Protein chains: 2
Amino acid sequence: MGNKYYRIDEVANKTGLTKRAIRYYEDLNLISPQRTESAYRLYTDEDIEKILRIISLKESLAFSLAEIKNALELDSEVKKILSTETADLATLKNYIEMIRRQINLIEEKINKLRASQEKFENLLSQLNSLEDKVEKEDV
Amino acid sequence: MGNKYYRIDEVANKTGLTKRAIRYYEDLNLISPQRTESAYRLYTDEDIEKILRIISLKESLAFSLAEIKNALELDSEVKKILSTETADLATLKNYIEMIRRQINLIEEKINKLRASQEKFENLLSQLNSLEDKVEKEDV
DNA sequence: CTCTTGATTAACATTAACGTCAAGGTTAAT
DNA sequence: ATTAACCTTGACGTTAATGTTAATCAAGAG
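It should be emphasised that the depicted structure is a prediction, and the values quoted were computed from it without experimental measurement.

Thresholds, definitions, all that
Residues numbered from 1 in each chain as written. Chains lettered and ligands numbered in written order. Predicted model: local features only at pLDDT ≥ 70, side-chain atom pairs only at ≥ 80, totals over all residues. Heavy atoms only, no water. 1 Å grid on protein atoms, 1.4 Å probe; cavity = no way out; pocket = protein on both sides within 12 Å on 5 of 7 lines; lining within 4 Å. Points joined across faces, edges and corners; volume = space filled by probe spheres on them. Helix = DSSP H or I, 4+ residues; strand = E, 2+ residues; numbered from the N terminus. Nonpolar A, V, L, I, M, F, W, Y, C, P; charged D, E, K, R; others polar. Least-squares fit on C-alpha atoms with pLDDT ≥ 70 in both. Contact = heavy atoms within 4.5 Å. Axes fitted to C-alpha atoms, helices over the stretch in contact; angles between N-to-C directions. Left-handed = near helix turned anticlockwise from the far one by under 90°. Salt bridge = Lys/Arg side-chain N within 4 Å of Asp/Glu carboxyl O. Buried < 20%, exposed > 50% of the residue type's maximum accessible area, 1.4 Å probe, protein only. Buried area = accessible area lost by both parts, 1.4 Å probe. Polar contact = N/O pair within 3.5 Å; in protein donor to acceptor, adjacent residues only side chain to side chain.

## Focus on the layout of surface pockets
So, step 1. Put simply, the largest pocket is a space of about 210 Å³.
So, step 2. As for the largest pocket, its lining consists of 14 residues, and the residues nearest its centre are Leu30 and Lys50 of chain A together with Leu72, Glu73 and Ser76 of chain B.
So, step 3. Looking at the lining of the largest pocket, the elements that each hand over two or more residues are α3 (45–59) of chain A together with α4 (65–84) of chain B.
So, step 4. If one sorts the elements of the lining of the largest pocket by residue count, α4 of chain B sits on top with six residues.
So, step 5. The residue makeup of the lining of the largest pocket, split by class, is three nonpolar, three polar and eight charged.

## Here's the deal with the relation of the copies chain A and chain B
So, step 1. With an RMSD of 0.2 Å, the fit of chain A onto chain B corresponds to turning through 180° and sliding 0.0 Å along the axis. The two molecules are tied by a two-fold rotation axis, judged by turn and shift.
So, step 2. A share of 100% of the interface residues of chain A reappears at the interface of chain B, consistent with the copies meeting face to face through the same patch.

## A closer look at the packing of helix α4 (residues 65–84) of chain A against helix α5 (residues 89–137) of chain B
So, step 1. Interhelical geometry of α4 of chain A versus α5 of chain B gives an angle of 35° and a closest axis separation of 11 Å. As for how α4 of chain A packs across α5 of chain B, the hand of that crossing is left-handed. For the pair α4 of chain A and α5 of chain B, contact is made by Ala71, Leu74, Asp75, Val78, Lys79, Ile81 and Leu82 of chain A and by Phe120, Leu123, Gln126, Leu127 and Leu130 of chain B, respectively.
So, step 2. Residues belonging to the contact of α4 of chain A with α5 of chain B are distributed by class as follows: nine nonpolar, one polar and two charged.

## Topic: the pattern of salt bridges
So, step 1. Applying the stated criterion across every chain yields a total of 22 salt bridges over all chains.
So, step 2. Of the charged contacts, one joins Arg41 of chain A and Glu26 of chain A as a salt bridge, the two residues approaching to 2.5 Å between their closest N and O atoms. Of this pair, Arg41 of chain A sits in strand β2 (residues 41–42) while Glu26 of chain A sits in helix α2 (residues 19–27), and the two are 15 residues apart along the sequence.
So, step 3. With relative accessibility at 13%, the residue Glu26 of chain A sits in the buried group.
So, step 4. Here Asp75 of chain A makes a salt bridge to Arg53 of chain B, at a shortest N to O gap of 2.8 Å. Highlighted residues: Asp75 of chain A in helix α4 and Arg53 of chain B in helix α3 (residues 45–59), drawn from two different chains.
So, step 5. Sharing partners across several salt bridges, the network here consists of Glu26, Arg35 and Arg41 of chain A.

## A short note on the interface of chain A and chain B
So, step 1. Each partner contributes residues to the interface: chain A has 58 residues there, and chain B has 58 residues.
So, step 2. In terms of surface lost to chain B, no three residues of chain A exceed Leu65, Phe120 and Leu127 of chain A, which account for 12% of the buried area on that side.
So, step 3. Connecting chain A to chain B are eight salt bridges.
So, step 4. With a closest N to O distance of 2.8 Å, Lys133 of chain A and Glu85 of chain B form a salt bridge.
So, step 5. Seen at the junction of chain A and chain B, the total is nine residue pairs in polar contact (both at pLDDT 80 or more).
So, step 6. Broken down by secondary-structure element, the contributors of at least two residues to the side of chain A that touches chain B are α2, α3, α4 and α5 (89–137) of chain A.
So, step 7. Per-element accounting of the side of chain A that touches chain B gives the leading share, 29 residues, to α5 of chain A.
So, step 8. Here the residues of the side of chain A that touches chain B are counted per class, giving 33 nonpolar, eight polar and 17 charged.

As structure tokens, this is what we get:
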């Protein structure tokens, strides 16, 4: 299985990226799909896997200055409420919800980073084994 | 203490940002330093703290597509070596070092995210206490 | 008082990561 | 064979986050 080829529109749907973004990634040599005789791009399941991995790495970043501003504002608004204790229940519940969202957002980024970190840790231990092996052979 | 004022050049040195970036952050209303009569910007220690926090949040992101490309290339090179077992000791040590760096880089990002997450979790628990209090008062 | 160093605003330039046409081939169905 | 629905490569536009340069004003040293 897995010998199927997908055209760019299908890949866009599967990944959530736009066709433009997918082509752009190819410009950057992040992916190199095959081509038909008439130059149509053909993507394999592995290509799609790679794209999903790129997306995951990309999404683990995404803190623009605008988002930072929001976070800091939320922070200072809450601090003000806490120090003055001037807020009705509805407002409080509102802020609690916003803070929860911030925490979850950060958590998701952390999870994606952890996933990518684990992959590298896995490679590292395999490389270390290989190193041991080569060292002994070299004696 | 802490009543000292810093001019923009000092702040640039203390934070590692350029003066241009610092002014840009002000354009975005991320910071609002005082001014002298002649419009010189005057920063307090709190302003500097805030800038450092912004930097930390910003750095916890920072995975450009170029960096992603490097990471994926490193990954596939290492996988190739592992599958063919064709590499001398020096090369191996080299790759081990590069992987270590990747892992550390990701670790640092995670740490910064965790720090910011903890701050929000702290606010959350304080808000929850306040909520309890308000609910009881309202009976 | 002048000279050097540093600050200010304004404005145009640049890079990354796409969005958005435009002009023209391809494929598949009718 | 034609048409709708894709695909291709330009090429110019856009936003965020600065870099760079220019013209001008301020401050402190000698």
